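Breakdown of the fold
Spelled out, the chains give:
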Amino acid sequence: MTIGNNTAPKKERKSSKKGKQVDENAPLLPKTHGEDGGFDEFNGASFPGAVFNLSTTIVGAGIMALPATMKVLGLVLGVAMIIFMAFLTEASIELLLRFSRVSKSSSYGGLMGDAFGKVGKNLLQVAVMINNIGDVLSGTTADGIHHPGVLEGWFGVHLWNGRTAVLLITTLGIFSPLACLKRLDSLSYTSALSVALAVLFIVITMGITIVKLINGSIMMPRLLPDVTNMASFWNLFTVVPVLVTAYICHYNVHSIDNELEDSTQIKPVVRTSLALCSSVYVMTSIFGFLLFGDSTMDDVLANFNTDLGIPYSSFLNDAVRVSYAAHLMLVFPIVFHPLRLNLDGLLFPSSRPLNQDNVRFASLTIALISVIFLGANFIPSIWDAFQFTGATAAVCLGFIFPASITLRDRHYIATSKDKMLCVFMIVLAVLSNGVAIYSDAYALIKKNSSPTA
């Protein structure tokens, strides 16, 4: 296996801080070196650090698409679906953890036996994140119309704040240093800041909404979906990829579990993270849709490029967009970590753990960051590709694969309730996402075939 960790065995780590006698003559600095040549003084990740890391894995680039799902489903059904998907995600993660304990597998890739689908999904996801950062900071051009970014609005159009230059500086100055950290626990503070930035977006949106409610400039939002014909009915399924992708975090669960000081904490970590992220999602969806109503765009961030109709509108717009860009920068290393780990497992299945081979670690890091940078800069309409991954790779990782493992039941530990739940997961995933793929493909073809003026 290529997936290793720097931690001590779980039982030793759990008891390492209990009943331990302090030797007053012991040196202040450790004398034992780890296998990679550094000091081996890591005693396991903390509960808060694990919660923030898993929460940051969940709250990624898809958060800005959630208010648009309220426009399609209505507030009541939309909020209900967000909560329902949280419970379904918890159930699928519980199945993964239970079967990985029995199979003695320390990673999702090892449990699945094939990391290609996860590698492809993660690679595209981090490329989309960098692409979105470029859109926010340096602007984007669509249908012949240029939407200026924050830096262009502040300083005007220059070579140094163009898209390629901004992404190059961000990649070298932020992404690369954070990507060089070998343990997820080392990212716990940046993950906490990332979650705080997501909360800041909610606070700003809530404040704007309350002001506009007071002055009476917000209309009553739609509570239920507006289904008038078959086309509007099929349109309901187009939001499924957004909802499913929003909770995908399975590829990091095992890595976080491996680093925990007490392995029995992983289930509370998962529940706490899902509760936190569900709250963030519900608040983002409600106040984003309340604020913009039927004008809510597929990416609500685009709505913060217009006059909000209140004092300091320009300042608030910039605050939202800059905080979102900073949030994505801090999400990047959390998603990049499993991408590198699983690609290594795919290419070097018999090699020693990646964290013990500095040359292989550095080579994979440089190669992946280069590919992601080029993809974010030079692949047109990468968001269109992300729509399809949400309808395919995401449901496979989150629901179809865990359900398939449970139904196979090699160790005869699955209950009838487990199998019924797994059949429901597979049927729901296949049917709903089949319709979603068709709807997205139809919309894309219609968009490309529409006559230009």
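For the structure itself, consult the block above.
What comes next concerns the included structure. (Residues numbered from 1 in each chain as written. Predicted model: local features only at pLDDT ≥ 70, side-chain atom pairs only at ≥ 80, totals over all residues. Heavy atoms only, no water.)

A word on the packing of aromatic side chains. All chains considered together, the criterion is met by 6 aromatic pairs. Grouped by ring-pair contacts, the aromatic residues Phe-175, Phe-332 and Phe-336 constitute a single cluster. Directly above the aromatic system of Phe-361 lies the positively charged group of Lys-182, at a separation of 5.3 Å from the ring centroid. (Phe/Tyr/Trp six-rings, centres within 6.5 Å; stacked < 30°, edge-to-face > 60°. Lys NZ or Arg CZ within 6 Å of the ring centre and 35° of its normal.)

The subject of this paragraph is the nonpolar core. Among the nonpolar cores identified, the biggest contains 76 residues, and Ile-208, Val-244, Tyr-247, Tyr-281 and Phe-304 are the most heavily contacted of them. It is helix 13 (residues 266-292) that provides the largest number of residues to this core, a total of 11 residues. Every residue in contact with Tyr-247, bar those within four places of it in the chain, is listed here: Ile-58, Ile-82, Met-85, Ala-86, Thr-89, Leu-274, Ser-278 and Tyr-281. Core analysis: the second largest hydrophobic core is formed by 14 residues, Phe-175, Leu-341, Leu-343 and Phe-361 among them. (Core = buried A, V, L, I, M, F, W, Y, C linked by side-chain atoms within 4.5 Å. Buried < 20%, exposed > 50% of the residue type's maximum accessible area, 1.4 Å probe, protein only. Helix = DSSP H or I, 4+ residues; strand = E, 2+ residues; numbered from the N terminus. Contact = heavy atoms within 4.5 Å.)

Attention now goes to the packing of helix 3 (residues 66-73) against helix 13. Contact geometry for helix 3 and helix 13: axes closest at 8 Å, N-to-C directions at 65°. As helix 3 packs across helix 13, the resulting crossing turns out to be right-handed. Where helix 3 abuts helix 13, its residues Leu-66, Pro-67, Met-70 and Lys-71 lie against Tyr-281, Thr-284, Ser-285, Gly-288 and Phe-289. Among the residues making up the contact of helix 3 with helix 13, the classes are represented as 5 nonpolar, 3 polar and 1 charged. (Axes fitted to C-alpha atoms, helices over the stretch in contact; angles between N-to-C directions. Left-handed = near helix turned anticlockwise from the far one by under 90°. Nonpolar A, V, L, I, M, F, W, Y, C, P; charged D, E, K, R; others polar.)

In the structure shown here, the tally under the stated rule is 0 disulfides. In this model Cys-249 remains outside any disulfide bridge; the closest cysteine sulfur is found in Cys-277, 7.8 Å from its own. Classification of Cys-249 as buried rests on a relative accessible area of 1%. (Disulfide = S-S within 2.5 Å.)

Shape descriptors only; they carry no functional weight alone.
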